[in-house]
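The chain contents come next:
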Amino acid sequence: MIAIVGGGLTGLALAHQLARRGVPHVVLEAADRPGGVVRSARVDGHLLEWGPQRTRLTAGMEELVRSLGIEGEVITAPPGLPLFVYRAGRLRRVPFSAGDFLRSDIFSPAGKLRVLLEPFTGAARAEESVAGFFTRKVGREAYENLLGPLYGGLYASDPATMEVGLSLGHALREFGIGRSLLRPLLHRRGRLRPPPATSFREGMQTLPLALYEANRPNVRLSTSVEGLRGAGSGFVLDLHGDALLAEQVVLTVPAPAAAQLLDGPAPDAARRISSLNYNPLAVVHVRAETGLRGLGYQVSLAEPLWTRGVTFNDSLFGRTGVHTIYLGGAKNPQVETATEQELAERALREFRLVTGADAEVLSVDRERMPAWDRSWRALRGLRLPTGIRIAANWESRPGIPGRLAQAQRLAAELGQGSGA
């Protein structure tokens, strides 16, 4: 029996893959609903997302959607929607082709020339900061106005505190990027063509709910794991008023919860994991008529705004008037102590500054994001007892495609180990 602690997307996807391989397992989720940070709901008739606003329709996603029978629920964004960066008082379009780059007003002429020198710069060094790497490769202007906001926005983090070998290196390897960032783009004839932005008719929560329904007999909601200890060749999971014996355990929970459970069987691992930084983030949903169409915008690192980015749910998936504003992150940690009223007022004021539109607040919420900064050095040399695994967005590649890919790989390994 394999015990999966955590019924978020990773845990449910892992359970789904184990079930397909005939491997006995159970998912233990403390909350009364599945999905973890993936949550969708209607507020005043508007569909809102907490957690991921969208994903990409990769091959792995398509295969999972088919296996769950939810193809009819999939919606994709209109092709060619632009992405913007706010810099020096204007929204400026992100270039996705060589021609767009030459016409772009994100860069000055000198900034464009500096970018074109990139193939002559050295390869990534594992110990350098992500900010230092991007600045060295494409210049400060391109870093502050494009790569810094886009990459740092994925983690709500400050690239100056992130290390190439800890965070960016795996992405460079995955996309086949060696010494040069530009050469792979030139091999694609100067154009980026990512899979289409995707969601579901009733929001991203459709995916974990479908995984839950497909695996309901093996998922126990409202079941908190209060302790973990070794027992012979397996482990005992202490539940509220109950206990469960498992041969192997997979932790898919956030780092603080994983550290708490590992304190008994692996105190050194618990200490290392508990030292990982999480960035505070405020999520403010608003209703507004802007007249803008696009994926949304990020904010230049040179701008003194609390806003890090905005998603245009309105034009992405036809959710009329809905926009999601992200405030804070590593560069503005004061969002953690600000009141909801202060967050709402700040969001409205900065949204009006950027778009020129007035808005009405629908929801204010808070999240914490794994920072993937230099505190991740603590995971070097991490040792876990045989039979305990970790599968989480703080341990390996974040993002929904990354979570699904890890679940599939881990299920294959566990299936081989069990003889299934």
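Residues numbered from 1 in each chain as written. Predicted model: local features only at pLDDT ≥ 70, side-chain atom pairs only at ≥ 80, totals over all residues. Heavy atoms only, no water.

Chemist: I'd like a description of the nonpolar core, backed by residues and values.
Modeler: If you look at the biggest cluster of nonpolar residues, it comprises 65 residues, and the most contacted ones within it are Leu237, Val249, Leu251 and Trp394. With near-sequence residues (within four places) excluded, Val249 lies in contact with Ala3, Val5, Leu228, Phe235, Leu237, Gly387, Ile388 and Arg389. If you look at the next biggest cluster of nonpolar residues, it comprises 33 residues, including Val23, Val27, Val74 and Leu404. (Core = buried A, V, L, I, M, F, W, Y, C linked by side-chain atoms within 4.5 Å. Buried < 20%, exposed > 50% of the residue type's maximum accessible area, 1.4 Å probe, protein only. Contact = heavy atoms within 4.5 Å.)

Chemist: Help me get a handle on the packing of aromatic side chains, residues and values and all.
Modeler: What describes a pair of aromatic rings is the distance from one ring centre to the other and the angle between the planes of the rings. Applying the stated criterion across every chain, the model contains seven aromatic pairs. Both rings, one in Phe101 and one in Phe107, keep their centres 5.4 Å apart while their planes meet at 55°; by these two values the pair is tilted. Of the residues examined, Phe101 reaches a relative accessible area of 12% and is grouped as buried. Through a chain of ring-to-ring contacts, three or more aromatic side chains come together here, namely Phe133, Phe134, Tyr151, Tyr155, Trp372 and Trp376. The ring of Trp50 carries the charged tip of Arg39 above its face, separated from the ring centre by 4.4 Å. (Phe/Tyr/Trp six-rings, centres within 6.5 Å; stacked < 30°, edge-to-face > 60°. Lys NZ or Arg CZ within 6 Å of the ring centre and 35° of its normal.)

Chemist: Can you tell me about the sheet that holds strand S16 (residues 296-299), naming the residues and giving the values?
Modeler: The strand order across the open sheet built from seven strands is S8-S7-S16-S17-S18-S15-S19, with neighbouring strands paired in mixed fashion. Looking at strand neighbours, the two that pair on one side only are strand S8 (90-93) and strand S19 (360-370), the edges of this open sheet. Ignoring which end each strand starts from, the neighbouring axes of this sheet average 25° apart. Sheet topology places strand S17 (residues 307-311) next to strand S18 (residues 322-328); four bridges connect them, and they run antiparallel. Bridge pairing in S18 places Val310 opposite Ile325. (Pairing = 2+ DSSP bridges. Helix = DSSP H or I, 4+ residues; strand = E, 2+ residues; numbered from the N terminus. Axes fitted to C-alpha atoms, helices over the stretch in contact; angles between N-to-C directions.)

Chemist: Could you give an account of helix H10 (residues 255-262), with specific residues and numbers?
Modeler: All buried positions along H10 are accounted for by Ala255, Ala258, Ala259, Leu261 and Leu262. Down the axis of H10, the smallest arc covering the buried residues is 165°, so these residues share one side. Turned more than 90 degrees away from the buried face of H10, the exposed residues are Pro256 and Gln260. Contacts made by the buried residues of H10 are with strand S1 (2-5), strand S11 (225-231), strand S14 (248-251), helix H11 (267-274), strand S15 (278-287) and strand S20 (388-390). (Arc of directions from axis to C-beta.)

Chemist: Would you mind going over the pattern of salt bridges in detail, with residue names and values included?
Modeler: Any two side chains of opposite charge can pair, so long as their charged atoms come close to each other. Taken as a whole and judged by the stated rule, the model has 24 salt bridges. Glu163 is the partner of Arg377 in a salt bridge, and the nearest nitrogen-oxygen pair spans 2.5 Å. One end of the pair, Arg377, is in the loop between S19 and S20; the other, Glu163, is in the loop between helix H6 (140-155) and helix H7 (164-174), with 214 residues separating them in the sequence. Glu163 gets classed as buried once you look at its relative accessible area, which sits at 2%. With a shortest N-O distance of 3.9 Å, Asp242 and Arg220 are connected by a salt bridge. Of this pair, Asp242 sits in strand S13 (residues 242-246) while Arg220 sits in strand S10 (residues 219-220), and the two are 22 residues apart along the sequence. Its relative accessible area of 43% is what places Asp242 among the partly exposed residues. What you see here is one network of salt bridges that share partners, running through Glu163, Arg374, Arg377 and Arg380. (Salt bridge = Lys/Arg side-chain N within 4 Å of Asp/Glu carboxyl O.)

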